[in-house]
Amino acid sequence: MNFKDGFLWGAATAAYQVEGAAYEDGKGLSIWDVFCEKPGHIVNNHTGEVACDQYHRFEEDIKLMEEMGIQAYRFSISWPRIMPKGIGEINPAGIDYYNRLIDCLLKHHIQPFVTLYHWDLPYELHKKGGWLNEEIVEWFGDYAKIVAENFSDRVHNFFTINEPQCFIGLSYIGTEHAPGYEGTIREGLQAAHNALKAHGRAVQMLRQYSKNNIKIGFAPTGAFTYPATEDIKDIEAAKNMMFKNITEDNWVWNIAWWNDPVYLGHYPKEGLEVLKPYLPKITKEDMELIHQPLDFIGANIYNGQMVSADEETKWKLQERYTGFPITSMKWPITPEVLYWAPKFLYERYNKPIYITENGLASSDMIAADGKVHDENRIAFLEQYLHYYRKASEENIPVLGYFLWSLLDNFEWAFGYTERFGIIYVNYTTLERTIKESGKWYKKVIASNGEIIR
């Protein structure tokens, strides 16, 4: 069996993680540029100043994509690279860079998928309050307008925001990610509501100023689940936990808290009840703004939680056995989630689905024969894609798959100590080497998934 005709095979990156050129050609500061300056924020005090230097090497990377048969590239635009202060002034060199990147992708028959925001907020906007300032709704809308005016003649697919769970939960509530604000639940919920309104405003502006028919989605992550067995009670328990398990401590990772407003037009009632003491003012107009028509769902899925039925709570989280498989980042390996999560998402939201991120962190190295024998990544991807193909076979409308990541890169707080790429990057010389997983992925793409066991 293989995936449906037209299924799209891609790879993904984020601007701050791969571009480098952090202070070149008129780019403004981002919160990550500033966050990385303080010793102790990032492992080994690494920064994204150079990263993979894709800013200067994108043609080489695109040729490697073409060599692997990759059909689509999901990349993010650096907001401060094209608008150094976040509002107002436009940087021609930044616009030119993305124009050249897009043109090169199309020349090599690779579809560009643009993400507007993958965490690199302009520092000047952070100084004005960032996601805590309601004005960011219009700031983000103006930025989306600039993107539409300059790139929508050739880019037909957009994602507004990537993983708000992380840039709110690890940044405005926690301190692991930039800007490391460590706010209250109330502040986190306000920033989250502002982010969802900004998403809606961006959708409006993309559609208003687009030069072509475009398609738009949203790319959150969250606490995905899968049932312990195929018993209907376990299936319902897993589904209920994925959408209804909302507490003061875990709301930020709940799937429904972010997706329900976007796709259904309202926050989940379970969350409104539990979080009532901390909620910002939420108006009918807010919800209408958030609930813009979208074309697909993006989902960043790396792992899930196994759930069984429980008479008292309706769900019970299953403990993982001793020796449960994990990645080098200690994330559990749960391939079943790539069947069940798309199934649950489609049943609730009735939209076609892209897996916008999925992959493995591994301690890769170049062997004596000059190759990177990342057999563990191949095993991981094959298992996950086996279950994703099962979703396709059952006519769940899965449109494509974006492997994370194209390149080894700057892995946020982990610096350069974790490697997700199917291309190995020597961070001293910046030399690229396609890993064995990249060669395997080429065969998967050529067969449209048929070779997956």
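Quick caveat, the model's predicted, so the values are computed rather than measured.

Trainee: Can you walk me through the pairing of strand 7 (residues 296-300) in this structure?
Mentor: Burial analysis of strand 7 places five of its five residues in the buried class, the great majority of the element. Neither face of strand 7 is open: one carries F296, G298 and N300, the other I297 and A299, and all of them are buried. Pairing of strand 5 (residues 215-219) with strand 7 involves two bridges; the strand directions are parallel. Across the sheet, the residue bridging to G217 is F296, located in strand 7. As judged from the four bridges shared by strand 7 and strand 10 (residues 353-357), these two strands associate in the parallel manner. Paired with N300 across the bridge in strand 10 is E357.

Trainee: Before we go on, may I ask you to explain the pattern of salt bridges in this structure?
Mentor: Side chains bearing opposite charge may pair, as long as their charged atoms lie close to each other. Applying the stated rule across the entire model yields 29 salt bridges. The closest approach of N and O atoms between K127 and E124, which form a salt bridge, is 3.2 Å. For E124, a relative accessible area of 30% corresponds to the partly exposed category.

Trainee: It is not clear to me how the side chain of S437 should be interpreted in this structure. Could you clarify?
Mentor: Residue placement: S437 occurs in helix 16 (residues 436-446). With residues near it in sequence (within four places) discarded, S437 still touches D374, R377, I378 and I422.

Trainee: Sorry, what's going on with the packing of helix 11 (residues 255-264) against helix 14 (residues 337-349) here?
Mentor: Helix-helix packing is described using two parameters, namely the angle between the two axes and the distance between the axes. At a minimum axis separation of 11 Å, helix 11 and helix 14 run at an interaxial angle of 40°. Comparing the axis directions of helix 11 and helix 14 gives the class oblique. Judged by the sense of rotation from one axis to the other, the crossing of helix 11 with helix 14 is right-handed. Here I255, A256, N259, D260, Y263 and L264 of helix 11 come into contact with helix 14, specifically with L345, R348 and Y349.

Trainee: How do you make sense of the state of the cysteines when you look at a structure like this?
Mentor: Formally, a disulfide is one covalent bond, and it connects the sulfur atom of one cysteine to the sulfur atom of another. Here the structure, examined in full by the defined rule, presents zero disulfides. This cysteine, C52, is not joined by any disulfide, and C36 carries the nearest cysteine sulfur, 14 Å off. C166 takes part in no disulfide bond, and the closest cysteine sulfur to it belongs to C36, at a distance of 16 Å. For C166, a relative accessible area of 8% translates into the label buried.

Trainee: What am I meant to see in the sheet that holds strand 6 (residues 225-227) here?
Mentor: The strands making up a sheet associate through backbone hydrogen bonding, with each pair oriented either parallel or antiparallel. Strand order in the open sheet formed by three strands is 6-8-9, with mixed pairing between adjacent strands. The open sheet has two edge strands, strand 6 and strand 9 (316-317), and neither has a second partner. Bridge count for strand 6 against strand 8 (residues 305-308) is three bridges, and the pairing is parallel. The residue of strand 8 that forms the bridge with T225 is Q305.

Procedures and definitions
Residues numbered from 1 in each chain as written. Predicted model: local features only at pLDDT ≥ 70, side-chain atom pairs only at ≥ 80, totals over all residues. Heavy atoms only, no water. Buried < 20%, exposed > 50% of the residue type's maximum accessible area, 1.4 Å probe, protein only. Helix = DSSP H or I, 4+ residues; strand = E, 2+ residues; numbered from the N terminus. Pairing = 2+ DSSP bridges. Salt bridge = Lys/Arg side-chain N within 4 Å of Asp/Glu carboxyl O. Contact = heavy atoms within 4.5 Å. Axes fitted to C-alpha atoms, helices over the stretch in contact; angles between N-to-C directions. Parallel < 35°, antiparallel > 145°, perpendicular 65-115°, else oblique. Left-handed = near helix turned anticlockwise from the far one by under 90°. Disulfide = S-S within 2.5 Å.

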